[in-house]
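# Overview (structure and organization)
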Amino acid sequence: MSFRLALQESPGNPWFSWQYVRDNSDTILAALREHATLTAEAMLIATAVAVPLAVVAYWYRPLTGPILALSGILYTIPSLALLAFVAPYVGTTNSASVLIALVLYALLLIVRNSLAGLNQVPPDTRDAAQGMGYGRWGRLLRIELPLALPGIVTGLRLATVSTVALVTVGALIGYGGLGDLILTGFRNNFYKAEILTGAVLCVGLALVLDLLLATVGRLLMPWSRRAVR
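Fair warning: this is a prediction, and the values are worked out from it, not measured in the lab.

## Overview of a nonpolar patch on the surface
A surface patch of nonpolar side chains, about 420 Å² in accessible area, is lined by F85, Y89, V90 and I100. The element best represented in the nonpolar patch is helix α5 (residues 79-90), accounting for three residues. Within the secondary structure, F85 is located in helix α5. Since its relative accessible area comes to 53%, F85 is described here as exposed.

Set out below in structure tokens:
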């Protein structure tokens, strides 16, 4: 214990070290790539599942409660418990366990916000589209989904930031991206430089992805820029 405390307080264990970054640049970049890849894959799959679920809940109102309830239950399961439940079925020697858990957690945020965006489409607009001869699919693709984009993008942004944070839990089975650096730092007698590097890059990745999605949202919704002006 005294040795560990001395290491934590010693000048040789600073919170940031360029020497550590230079010597371990390959490891750091590999962890960053894995973290970004897991986040991107989880968001693509979750979006492909959640947006259609939101559309189903929008079209068939009796299914709204069950869909939101199921995604809400999945979201409330502790991350470690969910990972422990999924891992035995898909194996702990690949990233599938982490990916499945990330997708399940992202569903609620995307479904709820996408459904809120669809529900905010003015009834007069839907009636006008129907009067112009648009069928259900035509109204959805050309009217309702474009007008629901603010809610959808909000859900994507929230889910992405949450997913970046949750990826670190995968370090427990060796697929945590930057979380591997943080966990290894704690195991290496509280190696501060390794811990802080992983944490700062994790926060930075979340901020960059959030800014990227916000920019994409503004490009997809030019009318919102005109409204601000």
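## Some thoughts on the nonpolar core
Among the nonpolar cores identified, the biggest contains 32 residues, and M43, L102, A106, I110, L118, L140 and A159 are the most heavily contacted of them. The set of elements that each furnish at least two residues to this core consists of α3 (25-59), α4 (64-76), α6 (96-119), α8 (136-147) and α9 (149-167). Dropping the residues within four chain positions of it, L118 is found in contact with A54, V55, Y58, R126, L140, E144, L145 and A148. Membership of the second largest hydrophobic core comes to 11 residues, among which are V164, L178, L181 and A206.

## Here's the deal with the pattern of salt bridges
Oppositely charged side chains can form a pair if their charged atoms are brought close together. Evaluated as defined, the whole model comprises one salt bridge. With its nearest N and O atoms 2.8 Å apart, the salt bridge here joins D210 to R157. Residue D210 is found in helix α11 (residues 192-220), and its partner R157 is found in helix α9; the two are separated by 53 residues along the sequence. On the basis of relative accessibility, which here comes to 30%, the residue R157 falls in the partly exposed class.

## Focus on the packing of α8 against α9
Close contact between α8 and α9 brings their axes to 5 Å; oriented N to C, the two are set at 55°. Viewed along their axes, α8 and α9 adopt a mutual orientation that is oblique. Residues L145, P146 and L147 of α8 form the contact with α9, whose own contacting residues are L149, P150 and I152. A breakdown of the residues in the contact of α8 with α9 according to their chemical character gives six nonpolar, no polar and no charged.

## Quick word on empty space enclosed by the protein
Scanning the entire structure with this criterion turns up one cavity of 30 Å³ or more. Here the largest cavity is characterised by a volume of approximately 80 Å³. Of all the secondary-structure elements, those providing two or more residues to the lining of the largest cavity are α5 and α6. Per element, the largest residue contribution to the lining of the largest cavity is four residues, and it comes from α6. Here the lining of the largest cavity is built from residues that sort into seven nonpolar, two polar and no charged.

Conventions used here
- Residues numbered from 1 in each chain as written.
- Predicted model: local features only at pLDDT ≥ 70, side-chain atom pairs only at ≥ 80, totals over all residues.
- Heavy atoms only, no water.
- Patch = residues over 30% accessible without salt bridge, like charges linked within 9 Å, V, L, I, M, F, W, Y side chains within 5 Å.
- Areas by Shrake-Rupley, 256 points an atom, 1.4 Å probe, with all protein chains shown as cover.
- Salt bridge = Lys/Arg side-chain N within 4 Å of Asp/Glu carboxyl O.
- Helix = DSSP H or I, 4+ residues; strand = E, 2+ residues; numbered from the N terminus.
- Buried < 20%, exposed > 50% of the residue type's maximum accessible area, 1.4 Å probe, protein only.
- Core = buried A, V, L, I, M, F, W, Y, C linked by side-chain atoms within 4.5 Å.
- Contact = heavy atoms within 4.5 Å.
- Axes fitted to C-alpha atoms, helices over the stretch in contact; angles between N-to-C directions.
- Parallel < 35°, antiparallel > 145°, perpendicular 65-115°, else oblique.
- Nonpolar A, V, L, I, M, F, W, Y, C, P; charged D, E, K, R; others polar.
- 1 Å grid on protein atoms, 1.4 Å probe; cavity = no way out; pocket = protein on both sides within 12 Å on 5 of 7 lines; lining within 4 Å.
- Points joined across faces, edges and corners; volume = space filled by probe spheres on them.

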